[in-house]
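Notes for the structure review
This is what each chain is made of:
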Amino acid sequence: MPADFEKVEYWRKRFAKEESFEWLTSSGAFFSILEPLLTPLSTGSTVLHLGSGTSDLHVYFRRHFPQLQVINMDYEPLALERGKAIESNEFGNVEMGYQVQDVTLPLELDLGQRGKVRMVIDKSTVDAVSCGGDENVIKMAEAIHDVLDKEEGVWISLSFSDSRFEMDSERVQELFEVSVLTKVATGPKRLESDPDIWHWCWLLRPRATTT
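Every value quoted in this text rests on a predicted model; they were computed, and no experiment measured them.

Close contact between helix 2 (residues 27–38) and helix 3 (residues 57–64) brings their axes to 10 Å; oriented N to C, the two are set at 40 degrees. Looking at the two axes, helix 2 sits oblique to helix 3. You can see that helix 2 and helix 3 cross each other, and the crossing is right-handed. Residues Ser27, Gly28, Phe30, Phe31, Leu34 and Leu38 of helix 2 pack against Leu57, Tyr60, Phe61 and His64 of helix 3. Of the residues assigned to the contact of helix 2 with helix 3, the class counts are seven nonpolar, three polar and no charged.

Spelled out as structure tokens, the structure:
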């Protein structure tokens, strides 16, 4: 991915023209993976959608799980305005949370009695963050770990990389148990003989204690 994917200036220029875009796969396809994990969450549970951009994934959250407290986060305010417009066009109003946030910095949340976050979701946001180097992925992991419920929380990350969380530093493995939840086909083959190419959906469970 180009190095400027890590820079807010790139996204500001892009979102000035872009009204909607889906990374790696459709929101519907990604939601079908998330749905079994969202279903057990109790009413009022907090879900963070990091790097929400101009995706319509949040529409699926509201349509199918209106009882959850979903906060859409992006570090470009224009992306959040696009997200609000998508929600308003779909439902006639805006009810979901929207917050300007750099995911490589501590996540500033006021959860009150809701306590910790039950689920964090990113749809290729980690890929954009990785353009700034492994250290930025580690900062993102640390920020997420700080807010996740250590007993029942999960981080679901969709990435183009089959080695996204493999790096010289073992910090991510200190913070999370990392496993592959599933693979997502990149699309129909042009020829039957073409190799299978996948995107990777990662499941990260926070460790209760870290070194």
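To summarise the sheet geometry, strands pair through backbone hydrogen bonds and adopt either a parallel or an antiparallel arrangement. Pairing within the open sheet is mixed, and its seven strands lie in the order 3-2-1-4-5-7-6. A single partner strand is all that each edge strand has here, and the edge strands are strand 3 (97–100) and strand 6 (176–185). Pairs of neighbouring strands in the sheet enclose a mean axial angle of 20 degrees, with direction left out of account. With nine bridges connecting them, strand 6 and strand 7 (residues 198–206) associate as antiparallel partners. Bridge assignment links Glu177 to a residue of strand 7, and that residue is Arg205.

Here we take up unusual backbone geometry. Phi at Leu24 takes a positive value of approximately 70 degrees, unusual for a residue other than glycine. Summarising the element assignment, Leu24 is placed in the loop between helix 1 (8–17) and helix 2. For Ser124, which is not glycine, the phi torsion reads 75 degrees and is therefore positive. Tracing the backbone shows Ser124 in the loop between strand 4 (119–123) and helix 5 (125–130).

What counts and what doesn't
- Residues numbered from 1 in each chain as written.
- Predicted model: local features only at pLDDT ≥ 70, side-chain atom pairs only at ≥ 80, totals over all residues.
- Heavy atoms only, no water.
- Axes fitted to C-alpha atoms, helices over the stretch in contact; angles between N-to-C directions.
- Helix = DSSP H or I, 4+ residues; strand = E, 2+ residues; numbered from the N terminus.
- Parallel < 35°, antiparallel > 145°, perpendicular 65-115°, else oblique.
- Left-handed = near helix turned anticlockwise from the far one by under 90°.
- Contact = heavy atoms within 4.5 Å.
- Nonpolar A, V, L, I, M, F, W, Y, C, P; charged D, E, K, R; others polar.
- Pairing = 2+ DSSP bridges.

These figures come from the coordinates and say nothing about function on their own.
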